[in-house]
Amino acid sequence: TLLSFTIYSCAKKSDSSSSSSTTELEGTWQTPCHVVGSRYRIKTLAVSGTNVTDKWKYHSDSSCANDIYSFDSTYSSLSIGDAQTFDSYGSSGGSGHKLTMTIDTNTYTSLSASDLTWVNDNSFCGENDWVLNTPQSIAGKTCDGDDFWNTNITIYGLYLLDGSKLFQKFSSGEYPSGVDTGDNDTYTKQ
């Protein structure tokens, strides 16, 4: 599942100005390979202009070499909003911004024979026609107890940037109250 233990860092508004620039987020960011339950995961966030791709790929081994499945979301219309400060981050705090974007696709991809058998046998996301290495939409569906965002809705985000390290959190309906700042939530510029 996508559920994981998170640590929240308090955020407060520090600047009411807005900026449409996405320059500081431009590029590919990636977490380290880390354990999640009985699996290992790498999260990758790629920003190109106003387009964003968010990939959570799961693996069977601690070196994240053997793929099992992935959750992938794509977004457009990325807009950077109010500046934020994070007083509880580090010795001198941290800074970042609010953001909004529109979710365009939300998919699941089975990447191993064992996973393919499992998702089809268990009608994962209410489907039993999964095909290996073929993304299938899970937008608006409940999959193994987790609810996935529908497409064409506004997603609200918050990020903290510390040099080559990025911390972020996305939410629907309202801005997140903080970002995840654990070691496994640290995205590093690639």
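Residues numbered from 1 in each chain as written. Predicted model: local features only at pLDDT ≥ 70, side-chain atom pairs only at ≥ 80, totals over all residues. Heavy atoms only, no water.

Engineer: Give me the lowdown on unusual backbone geometry, citing residues and values where you can.
Structural biologist: You will see that S77, though not glycine, has its phi angle at about 60°, which is positive. Not every positive phi belongs to a glycine, and D144 is a case in point at roughly 55°. Looking at the secondary structure, you find D144 in the loop between strand 10 (142-143) and strand 11 (146-147). (Helix = DSSP H or I, 4+ residues; strand = E, 2+ residues; numbered from the N terminus.)

Engineer: How would you explain the environment of S164 if you had to name every residue and give the values?
Structural biologist: Examined against the element boundaries, S164 turns out to sit in the loop between strand 12 (154-162) and strand 13 (165-172). Accessibility expressed as a relative area gives 41% for S164, which makes it partly exposed. Along the sequence, S164 and E24 sit 140 residues apart, while their C-alpha atoms lie 9.9 Å from each other. Non-local contacts of S164, meaning those with residues more than four positions away in its chain, are made with W29, Y187, T188 and K189. (Buried < 20%, exposed > 50% of the residue type's maximum accessible area, 1.4 Å probe, protein only. Contact = heavy atoms within 4.5 Å.)

Engineer: Summarise the state of the cysteines; cite the residues concerned and give the values.
Structural biologist: Considering all chains together, one arrives at two disulfides under this definition. Disulfide pairing places C33 opposite C64 at an S-S distance of 2.0 Å. Negative torsions about the S-S bond denote left-handed disulfides, and the value of about 80° found for C33 with C64 makes this one right-handed. Of this pair, C33 sits in the loop between strand 3 (27-30) and strand 4 (34-36) while C64 sits in the loop between strand 6 (51-59) and strand 7 (67-86); the two residues are 31 residues apart in sequence, bridging distant segments of the chain. When its relative accessible area of 28% is taken as the criterion, C33 is described as partly exposed. By relative accessible area, C64 is classed as buried at 10%. Regarding the disulfides, the protein carries the connectivity 1-2, 3-4 under sequence-order numbering of its bonded cysteines. (Disulfide = S-S within 2.5 Å.)

Engineer: Which residues make up the pattern of salt bridges, and what are the values?
Structural biologist: This model, assessed by the stated rule, comprises five salt bridges. Its salt-bridge partner being K57, residue D67 comes within 3.6 Å of it at the nearest N-O pair. Of this pair, D67 sits in strand 7 while K57 sits in strand 6, and the two are ten residues apart along the sequence. Here D180 makes a salt bridge to K169, at a shortest N to O gap of 3.8 Å. Highlighted residues: D180 in strand 14 (residues 178-180) and K169 in strand 13, separated in sequence by eleven residues. Residue classification places D180 among the buried positions, given a relative accessible area of 8%. (Salt bridge = Lys/Arg side-chain N within 4 Å of Asp/Glu carboxyl O.)

Engineer: For the packing of aromatic side chains, give the residues involved together with the corresponding values.
Structural biologist: All chains considered together, the criterion is met by 13 aromatic pairs. Aromatic side chains F71 and Y108 sit 5.0 Å apart centroid to centroid with 70° between the ring planes, which places their arrangement in the edge-to-face category. Of this pair, F71 sits in strand 7 while Y108 sits in strand 8 (residues 94-110); the two residues are 37 residues apart in sequence, bridging distant segments of the chain. For the pair shown, F71 and Y108 are each scored as buried. Each member of the aromatic cluster is reached from another via a ring pair, and the members are Y58, Y69, F71, Y108, W118, F124, W130 and F148. For R41, the ring lying beneath its charged end belongs to W56, and the centroid distance is 4.7 Å. Over the ring of W56 we find K43, and its NZ or CZ is 4.8 Å from the ring centre. (Phe/Tyr/Trp six-rings, centres within 6.5 Å; stacked < 30°, edge-to-face > 60°. Lys NZ or Arg CZ within 6 Å of the ring centre and 35° of its normal.)

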